[in-house]
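# Inside the fold
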Amino acid sequence: MISVSRVVKSYGSGASQVRALDDVSLSVAPGEIYGVVGQSGAGKSTLIRTINSLETPDSGSVSVGSREMTKLGGRELREARHDIGMIFQHFNLLTGRTVRSNVELSLEITGTGRSRRRSRAMEILELVGLQGKADAYPAQLSGGQKQRVGIARALASSPSVLLSDEATSALDPETTRQILDLIRQLSKDLGLTVLLITHEMDVVKRICDSAAVMSQGRILEQGRVEELLTTDRSLLGQALFPLGDLPETSSSVVEITFTGVPTDRPVIAHLAREHGIDVGILGAAVETIHGRQTGRTRLELPGDRGTVAGAIADLRSQGLYVEVIK
Ligand code: ADP
């Protein structure tokens, strides 16, 4: 649905040149929610601006649906943009217009007639849970309600793609969860493909099917979230389950990731009983990812090589993902 292929985008020139996007490729399947995470300056905003053609890449190509955005201009490009809705961190609502009028704005741009605009605005406001606020002004709304208006406005013209630029970064944790759940629901109900950029790991945990980790204009890793969690040295895995620095120890250290298996399995007692290993727990984190309990535990396994290797093989045979750290 969205395909970014080998995109390069630089700003400035000479010694002060910055490669905001340095050979970036990614692909978002129809109906998928794809998160791009990274620190400030990683290139996330440039990526999103490139996807909706607010920026032209120096090289590479961007396609949304069947359209190659990088080849379009004028009217074709404007039409292609109607298929892309966008929501923003600071909502970008017009303060002098009512909620309904803000939502109607995107339909005015597409030339939709007045009565159709009005009925569509009411329909989409109901979908985001704001039917009672049509005549309110943005200043009368909470942050969460403002973002619901932003979502309604983005979706009024029935785009197939929603781009989200840090849409929950200005919201408190509870409101963030509600907005993320709304996005997931809308994605499911409307078959929307969603690409979001964020620096918040909670966003990835709650709604992303796939994710890419960006730094300094490059994608360092990408894939399905559950697959990344069971990939050795995954940056996303480490960010979702921060277990701190490795302490000094002469023993072997492993990290066990539990996905889709009961997290209350007595792994440690089993290691002690079956392998005679006096297990030390160096860290543990449990998170709900996509509504499933997922955990990572860092264990210290004292003992000779053979015993430890046998224990690791045993854990793996139980379907656990075991990464040998040292
Ligand atoms: P992020 O969204 O991850 O914070 P950006 O895409 O905004 O990252 O920025 C990536 C890099 O590109 C940064 O070093 C930033 O300073 C630079 N940059 C972004 N936009 C511009 C611009 N319009 N002019 C010059 N430099 C820019």
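These notes cover the structure that comes with them. Position numbers for residues start from 1 in each chain and track the written sequence from start to end. Only residues with pLDDT of 70 or above have their local features reported here, since the model is predicted, and side-chain atom pairs are shown and tallied only from 80 upward, although totals for entire chains, interfaces and linings are computed over all residues. To get the side-chain values, all heavy atoms of the structure are used, and hydrogens and water are removed first.

### With respect to the side chain of Glu-104
Inclusion rule: Helix numbers and strand numbers start at the N terminus; a helix is a DSSP run of H or I with at least 4 residues, a strand a run of E with at least 2. Contacts are assigned to residue pairs that have any heavy atoms within 4.5 Å of one another.
Here Glu-104 lies in helix α3 (residues 99-109). Aside from chain neighbours lying at most four places away, what touches Glu-104 is Arg-117, Arg-118 and Ala-121.

### With respect to the pattern of salt bridges
The criterion, for reference: We define a salt bridge as a side-chain nitrogen of Lys or Arg found within 4 Å of a carboxyl oxygen belonging to Asp or Glu. Burial classification: accessible surface area is computed with a 1.4 Å probe over protein chains only, and a residue below 20% of its type maximum counts as buried, one above 50% as exposed, and the rest as partly exposed.
Enumeration over the complete set of coordinates arrives at 23 salt bridges. A salt bridge links Glu-108 to Arg-97; the shortest N-O distance between them is 3.2 Å. One end of the pair, Glu-108, is in helix α3; the other, Arg-97, is in the loop between β6 (84-88) and α3, with eleven residues separating them in the sequence. Accessibility expressed as a relative area gives 32% for Glu-108, which makes it partly exposed. Here Arg-177 ties to Glu-174 by a salt bridge, and the two come within 3.1 Å at their closest N and O atoms. In this pair, Arg-177 and Glu-174 are both assigned in helix α6 (residues 173-190), three residues apart and thus about one turn of the helix distant. A cluster of three or more residues bridged by salt bridges with shared partners is formed by Arg-100, Glu-104, Arg-117 and Asp-135.

### Let's talk about the nonpolar core
Convention followed: Residue types Ala, Val, Leu, Ile, Met, Phe, Trp, Tyr and Cys, when buried and joined through side-chain atoms within 4.5 Å, form a set referred to as a nonpolar core. For each domain, the first and last residues come from an automatic or database assignment.
If you look at the biggest cluster of nonpolar residues, it comprises 48 residues, and the most contacted ones within it are Ile-151, Val-225 and Leu-236. Here this core gathers at least three residues from each of two domains, domain 1 (2-222) and domain 2 (241-324). Beyond its immediate sequence surroundings of up to four residues, Leu-236 is in contact with Val-37, Met-201, Val-204, Ala-211, Val-213, Glu-221, Val-225 and Leu-228. In terms of nonpolar packing, the next biggest core, distinct from the first, is built from 27 residues, Leu-47, Ile-84, Val-161 and Ile-197 among them.

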